[in-house]
Structure formats: structure tokens, C-alpha cells
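# Results of the structural survey
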Amino acid sequence: MSLFLNGVQVRGSQLNVSATLSLAGEDMSGQGSLAAMAETGDKPKQLAVRLLIKQLNAVDLTALIVLAESKNELGERTTYNVNNPTAKAMNIRQVRFLGDVSVSEDEGLRLWKVSFKLTEVKSVPELKQSREKA
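Residues numbered from 1 in each chain as written. Predicted model: local features only at pLDDT ≥ 70, side-chain atom pairs only at ≥ 80, totals over all residues. Heavy atoms only, no water.

### Examining the side chain of Thr78
Rules: Secondary structure elements are defined from DSSP: runs of H or I of at least 4 residues count as helices, runs of E of at least 2 residues count as strands, and each element is numbered from the N terminus. We call a residue buried when its accessible area falls under 20% of the maximum for its residue type, exposed when it is over 50%, and partly exposed in between, using a 1.4 Å probe and counting protein chains only. Residues adjacent in sequence count toward polar contacts only when both atoms are side-chain atoms; beyond that, a polar contact is any pair of N or O atoms within 3.5 Å, and within protein one must be able to donate a hydrogen and the other to accept it. Two residues form a contact once any of their heavy atoms are found within 4.5 Å.
You can see Thr78 is positioned in the loop between helix 1 (58-69) and strand 7 (80-83). Looking at Thr78, the relative accessible area reads 15%, which means it is buried. Reaching out from Thr78, the side chain makes a polar contact with the side chain of Ser70 at a distance of 2.6 Å. In terms of polar contacts, Thr78 uses its side chain to reach the backbone amide nitrogen of Lys71, at 3.4 Å. If near-sequence neighbours (up to four positions away) are discounted, Thr78 is found in contact with Ser70, Lys71, Asn72, Val95 and Arg96.

Now the structure itself:
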């Protein structure tokens with residue numbers, strides 16, 4: 001498996017990418033036992049990424065942190081074109097870093113355990129909603 005953000009490979013070993021599709025809805029049954037639900041819109045998909053980076057390859061961790069901290073000229077988190085088999089299968093084209101980038105040391109193995117989340121930007125539901133408003 002591989003993960004590329006704007007053509008830059010996220011380097012490390014044992015890369016694992018999992019995707020989440022949240023289908024939003026609201027229970028409308030009140031105190032009754034009906035299964036009535038109200039559609040509240042589709043939420044952006046998310047990619048959860050886990051990998052290991054050897055401490056000898058500290059430059060790879062530094063490069064990942066630079067990607068995560070990157071902002072555009074408006075001060076917004078950088079949007080990345082994503083290239084990964086899971087992202088492609090889930091129809092995720094563009095992402096931004098979201099939440100925590102977790103880095104923990106494993107001194108015995110001399111590596112870092114890294115995890116982070118990427119959230120979809122300009123998703124199909126988002127584009128449809130913006131067209132409807134226009």
C-alpha cells in the first residue's frame with residue numbers, strides 16, 4: 001500500500017489506511033417505537049492512517065509533520081489530492097488533515113508509531129449541496 005498527498009509519498013512501513021462513511025440521520029419517533037428517521041445530510045468521508053517510521057528516518061516524520069501543518073495563503077489547512085487504493089475505492093479525491101497527528105515512541109524497536117486522520121474536501125454530497133443553494 002502507498003499514500004500520496006499532492007504527489008508526495010507518505011513514507012513509513014506497515015501503512016494501514018481505513019475509511020469511514022458517516023450516514024447522518026435523526027430519530028423522529030419521539031417516545032414511540034417507530035423507526036422514523038430524518039435525513040440530515042451526508043457527512044464527509046474520513047481516512048484514518050496508521051504507519052511506523054524508523055527513528056533512523058526522522059526526515060520522513062518531519063516531512064509528514066510539514067504536510068500536516070501546511071496552510072494556504074488564507075491561513076486554511078492545505079487541501080491535498082490523495083492517491084491511495086482505499087481512497088480511490090471510496091471515491092475520495094481531496095483531503096485535509098483533521099484532528100490529532102499522534103506520534104509515540106517505541107524505544108525497543110527504535111521507531112515511531114504514527115496515526116492521523118484525513119477528511120474529505122469537496123465531496124460529492126458537498127458539491128451537490130452547493131449547486132442546490134446556487
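Continuing now.
### What about the nonpolar core?
Convention followed: Here, nonpolar core means buried Ala, Val, Leu, Ile, Met, Phe, Trp, Tyr and Cys residues that are tied together by side-chain atoms lying within 4.5 Å of each other.
One finds Leu5, Phe97 and Phe116 to be the most contacted residues of the largest nonpolar core, which totals 23 residues. Looking at this core, the elements with two or more residues in it are strand 3 (13-20), strand 6 (46-54), helix 1, strand 7, strand 8 (94-106) and strand 9 (111-120). Not counting chain neighbours up to four residues away, the residues in contact with Phe97 comprise Leu5, Leu64, Leu67, Ala68, Arg77, Tyr80, Phe116, Lys117 and Leu118.

### A short note on the pairing of strand 9
This is how the line gets drawn: Should DSSP find at least two bridges between two strands, the strands are regarded as paired.
Of all ten residues in strand 9, seven are buried, a share of seventy percent or more. Summarising the sheet, strand 6 and strand 9 pair through nine bridges and their orientation is antiparallel. Bridge pairing in strand 9 links Leu47 to Leu118. Two elements, strand 8 and strand 9, share nine bridges in a ladder whose sense is antiparallel. The residue of strand 9 that forms the bridge with Ser104 is Lys113. Following strand 8, the chain reverses through four residues before pairing antiparallel with strand 9; Arg110 in that reversal takes a positive phi of roughly 55 degrees.

### A look at the environment of Lys122
Counting through the fold element by element, Lys122 comes out in the loop between strand 9 and helix 3 (124-133). C-alpha separation for the pair Lys122 and Arg93, spaced 29 residues apart in sequence, amounts to 8.3 Å.

### So, the pattern of salt bridges
What counts is decided by this rule: In what follows, salt bridge is the name for a side-chain nitrogen of Lys or Arg lying within 4 Å of a carboxyl oxygen of Asp or Glu.
The tally for this structure, following the rule as stated, stands at one salt bridge. With a shortest N-O distance of 3.7 Å, Asp106 and Lys113 are connected by a salt bridge. We classify Lys113 as partly exposed; its relative accessible area is 41%.

### Looking at the packing of aromatic side chains
The condition that has to hold: Stacked, tilted and edge-to-face are the three classes assigned to paired rings of Phe, Tyr and Trp, where Trp is represented by its six-membered ring and a pair needs centres within 6.5 Å; plane angles under 30 degrees give stacked, over 60 edge-to-face, the rest tilted.
For the structure on display, the rule yields two aromatic pairs. Centroid distance Tyr80 to Phe97: 6.0 Å. Interplanar angle 85 degrees. Geometry classified as edge-to-face. A residue pair is termed long-range when its members are at least 10 positions apart, and Tyr80 in strand 7 and Phe97 in strand 8 qualify at 17 residues. Geometrically, the ring pair formed by Phe97 and Phe116 is tilted, given 5.2 Å between the ring centres and 35 degrees between the ring planes. Residue Phe97 is located in strand 8, and its partner Phe116 is located in strand 9; the two are separated by 19 residues in the primary sequence.

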